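Geometric and topological summary
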Amino acid sequence: MPWAGDEAKKAAPPAKRVAADAEATKAVRLAAAKKAGANELGQIPVLMYHRIVDRPTTVDDLTPQQFRAELELLAKENYVPITAAEYVTGRIGIPAGKHPVVLTFDDSSPSQVTLDGTGTPKAGTALAILLDVARRHPGFRPVGTFYVTKDMFGLATPEEHAQVLNWLHGNGFDIGNHTRDHLNLRGRDKKAVFAEVMAGHKLITDLVKEAPPVTLALPYGNQPNQPEWARKGTVGGQTYNYGGVFLAGYTPAASPFAKDFNPLAIPRIRSGEKKGDCKRFCSIAWLDWLKANPDKRFTSDGDATSVAYPKFKESFMAPRFNSYALAY
């Protein structure tokens, strides 16, 4: 025999039942967010890589061993890679309790991506190392964003360019604009900025029509005189309009749901150990800081349809996301 409470629930008007179910669902989601320690207003490290070579010649270079060690550290500390496009659009669908990290690769070096005749990444390249670390650590997504220029991974022909970009796109990687010629945009007039950014945009869209770039990484991290020129412009009737523009350093980036997220100037962190000029502002130093300050770090609730955070942080929430808020 059913309980009287069950009979009352069945007899309740539909609107009231729907409201009661919604409240019950929200209570479950709040409990899950609290259990995960979710803070989706926290900061996200956007790591910047250049060449991965056995004999580094600049401060931006890493050895394959150094790159692998950093990825292993990220996996150990519960980071899950997302793409730059996913970050700026807020599509951060990672498991509860995990932290997003954006892996970005500038200048389209062959040390980042080289494929053999069967489409297998060459051992020792950034791509091969990332895929191997992901195999060893289930849940560590093998994704990243490659900011390409006309150098196009050292390949010579348009067919080879299309082949490698389509391989990356087809395997879940993100392709971003780094301008065609890697020219410093600072001090250039509006027409020159538009022309260079559009040339880089077309370099990609002419080869991979299904994946127009969503973000731009500024050469040398230098903004044009008007930062908005880098984000949106029109040349010859064609328009680029980016969700985010990335700099070259030197702090973790704001959550895309936070008030202080600035799509015109998203900071990145140079990879490097805690020594010399990297002692405070490169990747290991910032990863250590985020680990020591977990309340400052983005932690997922595992639900990509909400923005979860402790209630006392609600003043940092960007109002346009209020309908997604899950404050516990």
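Everything below is about the structure shown above.
Examining the nonpolar core
- Ranked by size, the top nonpolar core spans 40 residues in total, and within it Phe67, Leu71, Leu74, Leu103, Phe153, Leu165 and Leu168 carry the most contacts.
- Counting residues per element, the ones that place at least two in this core are strand 1 (46-49), helix 3 (64-76), strand 3 (99-106), helix 5 (126-136), strand 4 (145-148), helix 6 (158-170), helix 7 (190-205) and helix 9 (283-292).
- Ranked by residue count, the leading element in this core is helix 5, at six residues.
- Non-local contacts of leucine 74, meaning those with residues more than four positions away in its chain, are made with Leu47, Tyr79, Val101, Leu103, Phe140 and Leu287.
- If you look at the next biggest cluster of nonpolar residues, it comprises 25 residues, including Val80, Phe246, Phe257 and Ile266.

Notes on the side chain of arginine 297
- Positionally, arginine 297 belongs in the loop between helix 9 and strand 11 (307-309).
- No salt bridge is formed by the buried arginine 297. Its closest oppositely charged neighbour is glutamate 77, at 4.8 Å.
- Beyond its immediate chain neighbours, meaning those up to four positions away, arginine 297 contacts Asn39, Gly42, Gln43, Glu77, Tyr79, His99, Leu290 and Lys291.

Observations regarding the packing of aromatic side chains
- In the structure shown here, the tally under the stated rule is 15 aromatic pairs.
- Ring geometry for tyrosine 49 versus phenylalanine 67: centroids 5.0 Å apart, planes at 85 degrees, classification edge-to-face. With tyrosine 49 in strand 1 and phenylalanine 67 in helix 3, the pair connects residues that are 18 residues apart, well separated along the chain. One exposure class covers both tyrosine 49 and phenylalanine 67, and it is buried.
- Aromatic ring contacts, followed pair by pair, group Tyr49, Phe67, Phe105, Phe146, Phe153, Trp167 and Phe173 into a single cluster.

Notes on the pattern of salt bridges
- One pass over the full model with this rule turns up 14 salt bridges.
- Among the ionic pairs, aspartate 132 bridges to arginine 135, the shortest N-O distance being 3.6 Å. With aspartate 132 and arginine 135 both in helix 5, this residue pair falls three residues apart, about one helical turn.
- Relative accessible area serves as the criterion here: at 60%, arginine 135 is assigned to the exposed category.
- The partner of lysine 275 in a salt bridge is glutamate 273, with the nearest N and O atoms 3.4 Å apart.

Comments concerning helix 2 (residues 14-36)
- Over its 23 residues, helix 2 extends 33 Å from the first C-alpha to the last, a length consistent with the 33 Å expected when each residue adds 1.5 Å.
- In the segment just after helix 2, glycine 37 is the residue with positive phi, at about 65 degrees.

Remarks on the packing of helix 3 against helix 9
- In contact at an axis separation of 12 Å, helix 3 and helix 9 are set at 10 degrees when each is read in the N-to-C sense. By the angle between their directions, the pair helix 3 and helix 9 is classed as roughly parallel. Contacts from Glu70, Leu73 and Leu74 of helix 3 reach helix 9 at Ser283, Ile284 and Leu287.
- Among the residues making up the contact of helix 3 with helix 9, the classes are represented as four nonpolar, one polar and one charged.

Topic: the side chain of histidine 50
- Along the chain, the position of histidine 50 falls in the loop between strand 1 and helix 3.
- Taking the relative accessible area as the measure of exposure, histidine 50 reaches 13% and is therefore buried.
- Residues in contact with histidine 50, not counting those within four places in the same chain, are Asp60, Asp106, Asp107, Ser111 and Gln112.

A closer look at the packing of helix 3 against helix 5
- With their axes 10 Å apart at the nearest point, helix 3 and helix 5 run at an angle of 35 degrees to one another. Crossing geometry of helix 3 relative to helix 5 is assigned as right-handed. On helix 5, the residues that touch Pro64, Phe67, Arg68, Leu71 and Glu72 of helix 3 are Ala126, Ile129, Leu130, Asp132, Val133 and Arg136.
- Its residues placed into classes, the contact of helix 3 with helix 5 shows seven nonpolar, no polar and four charged.

Let's talk about unusual backbone geometry
- The omega angle of the peptide bond from glycine 249 to tyrosine 250 is 0 degrees, so this bond is cis rather than trans.
- The residue tyrosine 250 is located in the loop between strand 9 (244-246) and strand 10 (269-270) in this model.
- Even without being a glycine, histidine 182 presents a positive backbone phi close to 55 degrees.
- Tracing the chain through its elements places histidine 182 in the loop between strand 5 (174-177) and helix 7.

So, the pairing of strand 4
- Alternating residues of strand 4 divide into Thr145 and Tyr147 and Phe146 and Val148, and every residue in both groups is buried.
- One ladder, built from three bridges, connects strand 3 with strand 4; its direction is parallel. What sits directly across from phenylalanine 105, in strand 4, is phenylalanine 146.
- Read as a crossover between parallel neighbours, the route from strand 3 over helix 5 to strand 4 is right-handed.

Comments concerning the environment of leucine 73
- Topologically, leucine 73 is positioned in helix 3.
- Relative accessible area serves as the criterion here: at 21%, leucine 73 is assigned to the partly exposed category.
- Distance in space between the C-alpha atoms of leucine 73 and serine 283 is 11 Å, their sequence separation being 210 residues.
- Setting aside residues up to four positions removed in sequence, leucine 73 forms contacts with Ile284 and Leu287.

Conventions we followed
- Residues numbered from 1 in each chain as written.
- Predicted model: local features only at pLDDT ≥ 70, side-chain atom pairs only at ≥ 80, totals over all residues.
- Heavy atoms only, no water.
- Core = buried A, V, L, I, M, F, W, Y, C linked by side-chain atoms within 4.5 Å.
- Buried < 20%, exposed > 50% of the residue type's maximum accessible area, 1.4 Å probe, protein only.
- Helix = DSSP H or I, 4+ residues; strand = E, 2+ residues; numbered from the N terminus.
- Contact = heavy atoms within 4.5 Å.
- Lys, Arg positive; Asp, Glu negative; His and termini not counted.
- Salt bridge = Lys/Arg side-chain N within 4 Å of Asp/Glu carboxyl O.
- Phe/Tyr/Trp six-rings, centres within 6.5 Å; stacked < 30°, edge-to-face > 60°.
- Expected span 1.5 Å × (residues − 1).
- Axes fitted to C-alpha atoms, helices over the stretch in contact; angles between N-to-C directions.
- Parallel < 35°, antiparallel > 145°, perpendicular 65-115°, else oblique.
- Nonpolar A, V, L, I, M, F, W, Y, C, P; charged D, E, K, R; others polar.
- Left-handed = near helix turned anticlockwise from the far one by under 90°.
- Pairing = 2+ DSSP bridges.
- Right-handed = clockwise from strand over helix to strand, strands pointing away.

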